[in-house]
Amino acid sequence: MTTRHRRQPSINSQTFAVPETEVSDVEEMSTDSYQDSIDEDHETREFDPVEYLNDSLENALTSMEMNRSMVIQAQTSGALKGKELELIQLQQEAEERLLQFQKRFKDGLKTLRQVVKDLKWTQQHVSGIRKHLETNHPIEYSQSRDKILSRNINIDEITKKNDDDDDNDDAKIYI
Amino acid sequence: MSSKKKTLLKVIILGDSGVGKTSLMQQFVNGKFSNQYKATIGADFLTKELTIDDKSVTMQLWDTAGQERFQSLGVAFYRGADCCVLVYDVTNQKSFENISLWKDEFLIQANVKNPENFPFVIIGNKVDVDENKKVINNKKAQQFANNLGNLPLFQTSAKEAVNIDQAFDVIARNALQQEENDEFNDEFNDAINIQLDGENNNCAC
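Residues numbered from 1 in each chain as written. Chains lettered and ligands numbered in written order. Predicted model: local features only at pLDDT ≥ 70, side-chain atom pairs only at ≥ 80, totals over all residues. Heavy atoms only, no water.

- Under an unreviewed UniProt entry, the name given to chain B is Ras-related protein, and the source organism is Wickerhamomyces ciferrii.
- Annotation of chain B in UniProt includes, under Sequence similarities (unreviewed entry), the sentence "Belongs to the small GTPase superfamily. Rab family." (UniProt positions renumbered as here; feature names shortened; annotations may be inferred.)

- Chain A carries the name Biogenesis of lysosome-related organelles complex 1 subunit KXD1 in an unreviewed UniProt entry, which gives Wickerhamomyces ciferrii as its organism.
- Among the UniProt annotations of chain A, the heading Sequence similarities (unreviewed entry) holds the following wording: "Belongs to the KXD1 family."

Below, the structure is given as C-alpha cells:
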C-alpha cells in the first residue's frame, strides 16, 4: 500500500461519521488479537466513510498493477510509433524507387522509338544500296551473293557466341 | 489506516538516447551493468526500498525512451512525479545541450503545480571514459546547473558504479521533500456538481 498526493475532501465527512458509541460497540465485538493490533488513536477514532473511500480510490489508482498497465501502454505505444516511422520511411524509399523506375521506363521508351526509327532508316538505305548494286553492278552483286550463300556457316558456334554476348549485356544492365 | 502506508517516491529519468539512463537505473537497483546497447521502448520502471532518515520509502524509478522513434505517444506516467533526473553523456555535446529541452518537456507534460520549486537533478554519465573523449567539463556543467536554478549535479559512471548511490540519495531526499510538500499543500478546491441542469428531480415512476 502506498500513499500519494492526498487531497482534502470538499465535503464535511463528519456528516456521515458513525457516532463514537457505535464504534465502541463494534470494537467490543472484535476479537482480542485484532484489538491488540489497534493503537490508542484508532480505538477512539470514528469511522469516516469519505476518508475510507478516498483512501481506497487512491490505493486503487496508485497500485503496481496500474503502473504496470501504464508501462504496457507506453511500450505498446512506443513500439507502434517505431513501426509507424519505419513504415513511413519504407514508403518514402518505395516512392523514390518508383519515381526512378518511371524515369528509366520513360527513357527506355524514348530509346526504343529512336532505335525503331534508326532501324527503319537503315533498312531503307540497305534496300536502296542493294537495288543500286543489283542494277548497276549485277555481276559483282551475283558473285558476292553466291559467296555469301555458299559460305560454310556453323550455326551452333554463332548461336553460342550470341548467347554469351547477351549474357554479358544482361550482366552489364543489372550491375 | 494511514500509518500502515508506505511512501512511494516517483522519479522520472529523462535524457537523450544512449546517455545511460537504463544503465544508471540498473546499476542503482540491481548493481548490474551491460555493455550491450538496447534501446528502451516506451517506458519501464523499477522499484527499490530505501530508508531515508529512519523513514522507509519505496523509490519507483521510471526509465524512459530516449530515441524519439520509440517514445510513447502519451506520457501519462510523468504525472505525479516527485523528482525528475536529467541525464547527459559527458562525451556527447548534443545530449548536454538538450538537458534544458528535456526539463521543459517534463514540466509541460507532467503538469507540475509549482514548476519553480520542482526538484530536478542533473547527472553527467560515463565519466569513466578517457579524458580526451570528454567534451563537457565539470566547470561548464556546474555553471549550466546553476543557471537552471542551482540544480544538484553529479558526475557518474554506471559502468564502474561511480557516484551512483550519492546521486540517488539526493534524488530520494528531494523526492521525499516534494512528496511531503504535495501532501500538505494539496487541496480539493473544486467540488463536482452532480446536479445536472434541468434535471427532473421527481421520480418518473
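**As for the overall build of chain A**
- In terms of regular secondary structure, chain A is built from 7 helices and 1 strand.
- Secondary structure elements in chain A, listed N-terminal to C-terminal, are β-α-α-α-α-α-α-α.
- Across the 175 residues in chain A, those meeting the buried criterion constitute 15%.
- Nonlocal contacts in chain A, meaning residues at least 24 apart in sequence, comprise 68% of its contacts between residues at least 6 apart. (Helix = DSSP H or I, 4+ residues; strand = E, 2+ residues; numbered from the N terminus. Buried < 20%, exposed > 50% of the residue type's maximum accessible area, 1.4 Å probe, protein only. Contact = heavy atoms within 4.5 Å.)

**Thoughts on the overall build of chain B**
- Helices and strands together make up the secondary structure of chain B, namely 5 helices and 6 strands.
- Mapped from its N terminus to its C terminus, chain B presents α and β elements in the order β-α-β-β-β-α-α-β-α-β-α.
- Taking all 205 residues of chain B together, the buried fraction comes to 45%.
- Residue pairs at least 24 apart in sequence account for 73% of intrachain contacts in chain B once pairs closer than 6 positions are excluded.
- Carbon and sulfur atoms form 45% of the exposed surface of chain B, whose accessible area is close to 11000 Å². (Areas by Shrake-Rupley, 256 points an atom, 1.4 Å probe, with all protein chains shown as cover.)

**Thoughts on the nonpolar core**
- With 33 residues, the main nonpolar core has Phe77(B), Tyr88(B), Phe106(B) and Ile122(B) as its most contacted residues.
- Elements that contribute at least two residues to this core include exactly helix H5 (64-136) of chain A together with strand E1 (6-15), strand E2 (43-52), strand E4 (83-89), helix H3 (99-110), strand E5 (120-125) and helix H4 (138-147) of chain B.
- The dominant element in this core, judged by the number of residues it contributes, is H3(B), at 5 residues.
- Filtering out sequence-adjacent residues up to four positions away, Phe106(B) remains in contact with Ile12(B), Leu14(B), Tyr78(B), Ala81(B), Cys84(B), Asn111(B), Val112(B), Phe118(B) and Phe120(B).
- In this structure, Leu9(B), Val85(B), Ile171(B) and Leu176(B) belong to the second largest nonpolar core, which totals 27 residues. (Core = buried A, V, L, I, M, F, W, Y, C linked by side-chain atoms within 4.5 Å.)

**Some words on the confidence of the model for chain B**
- Chain-level pLDDT for chain B is 88 on average; 87% of the residues reach the 70-or-more range.
- Scored as a whole, the predicted complex attains pTM 0.66, and scored at its interfaces, ipTM 0.78. (pLDDT = per-residue confidence, 0-100.)

**Considerations on the pairing of strand E3 (residues 55-64) of chain B**
Residue and element names in this part refer to chain B.
- Judged by how many residues are buried, E3 sits mostly within the fold: 8 of 10 residues are covered.
- Sheet analysis places E1 next to E3, joined by 7 bridges and oriented parallel. If you follow isoleucine 12 over to E3, its bridge partner there is tryptophan 62.
- Of the strand pairs in this sheet, E2 and E3 are connected by 10 bridges, and their pairing is antiparallel. Looking at the pairing, aspartate 44 lines up with aspartate 63 of E3.
- Between E2 and the antiparallel strand that follows it, E3, lie 2 residues; aspartate 53 among them carries a positive phi value of about 50°. (Pairing = 2+ DSSP bridges.)

**A short note on the packing of aromatic side chains**
Residues and elements named next belong to chain B.
- Enumeration over the complete set of coordinates arrives at 11 aromatic pairs over all chains.
- An angle of 45° between the planes, with centres 5.2 Å apart, marks the rings of phenylalanine 106 and phenylalanine 118 as tilted. You can see phenylalanine 106 sitting in helix H3 and its partner phenylalanine 118 sitting in the loop between H3 and E5, a full 12 residues away along the chain. With respect to burial, phenylalanine 106 and phenylalanine 118 carry one shared label: buried.
- Residues phenylalanine 106 and phenylalanine 120 carry aromatic rings whose centres are separated by 5.7 Å and whose planes lie at 85° to one another, so their mutual orientation is edge-to-face. With phenylalanine 106 in helix H3 and phenylalanine 120 in strand E5, this residue pair connects regions lying 14 residues apart in the sequence.
- An aromatic cluster is defined as three or more aromatic residues linked by ring pairs; in this entry it consists of Phe45, Trp62, Phe77, Tyr78, Phe106, Phe118 and Phe120. (Phe/Tyr/Trp six-rings, centres within 6.5 Å; stacked < 30°, edge-to-face > 60°.)

**Observations regarding unusual backbone geometry**
All names here are of chain B.
- One non-glycine residue with positive phi stands out, namely aspartate 53, at about 50°.
- By the element assignment, aspartate 53 lies in the loop between E2 and E3.
- Look at asparagine 150: it is not a glycine, yet its phi comes out positive at around 50°.
- With respect to the helices and strands, the residue asparagine 150 is situated in the loop between H4 and strand E6 (153-155).

**Some remarks on a nonpolar patch on the surface**
All names here are of chain A.
- On the surface, a cluster of nonpolar side chains totalling about 380 Å² of accessible area is made up of Phe105, Leu109, Leu112 and Val116.
- Along the chain, phenylalanine 105 falls in helix H5.
- Relative accessible area serves as the criterion here: at 59%, phenylalanine 105 is assigned to the exposed category. (Patch = residues over 30% accessible without salt bridge, like charges linked within 9 Å, V, L, I, M, F, W, Y side chains within 5 Å. Salt bridge = Lys/Arg side-chain N within 4 Å of Asp/Glu carboxyl O.)

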